[in-house]
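Residue-level listing of the chains:
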Amino acid sequence: MSVKIRKIGNLNFLTVPESIMPLAQEYYVFQGRDGVIVYTPAEENPFTSDKFIKQHDFSQTEEFSGPMVGKEIINDQ
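About the thresholds
- Residues numbered from 1 in each chain as written.
- Predicted model: local features only at pLDDT ≥ 70, side-chain atom pairs only at ≥ 80, totals over all residues.
- Heavy atoms only, no water.
- Helix = DSSP H or I, 4+ residues; strand = E, 2+ residues; numbered from the N terminus.
- Buried < 20%, exposed > 50% of the residue type's maximum accessible area, 1.4 Å probe, protein only.
- Contact = heavy atoms within 4.5 Å.
- Areas by Shrake-Rupley, 256 points an atom, 1.4 Å probe, with all protein chains shown as cover.
- Phe/Tyr/Trp six-rings, centres within 6.5 Å; stacked < 30°, edge-to-face > 60°.
- Polar contact = N/O pair within 3.5 Å; in protein donor to acceptor, adjacent residues only side chain to side chain.

Chemist: Just checking my understanding: could you explain the overall build of the protein chain for this structure?
Modeler: Assigned secondary structure in the protein chain consists of one helix and four strands. When the elements of the protein chain are put in sequence order from the N terminus, they spell out β-β-β-β-α. Within the protein chain, the fraction of its 77 residues that count as buried is 1%. Sequence separation of at least 24 residues holds for 2% of the intrachain contacts in the protein chain that already meet a minimum separation of 6. For the protein chain, the computed accessible surface area is about 8,300 Å², with 54% contributed by carbon and sulfur atoms.

In structure tokens, the structure reads:
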């Protein structure tokens, strides 16, 4: 299946054929060095989402202990 670019004013449009069912309403678009055009669904970054941040505790309570086992660098030497 192929589609043609349609120019409307200063914009270029690529149509989506009926046989392709979009899974999102918004997409990011990228063009590769070889001319490939890639559309990916625009999704919120979960690591910067307020909901994600509220649901997770990012404080670290573990401590390193025990003898050194390799070539660790100790800051206080």
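Continuing now.
Chemist: Before we go on, may I ask you to explain the packing of aromatic side chains in this structure?
Modeler: Given two aromatic rings, their pairing is described by the distance between the two centres and the angle made by the two planes. Under the definition given, this model contains one aromatic pair. Ring geometry for Phe-47 against Phe-52: centres 5.3 Å apart, planes inclined by 80°, an arrangement best described as edge-to-face. The class for Phe-47 is exposed, based on a relative accessible area of 59%.

Chemist: Explain the side chain of Ser-49 here, please?
Modeler: Of note, Ser-49 is situated in the loop between strand 4 (37-41) and helix 1 (50-55). A relative accessible area of 10% means that Ser-49 is categorised as buried. Here Lys-51 takes part through its backbone nitrogen, which lies 3.3 Å from a polar atom of the side chain of Ser-49.

Just distances and angles here, no functional claims.
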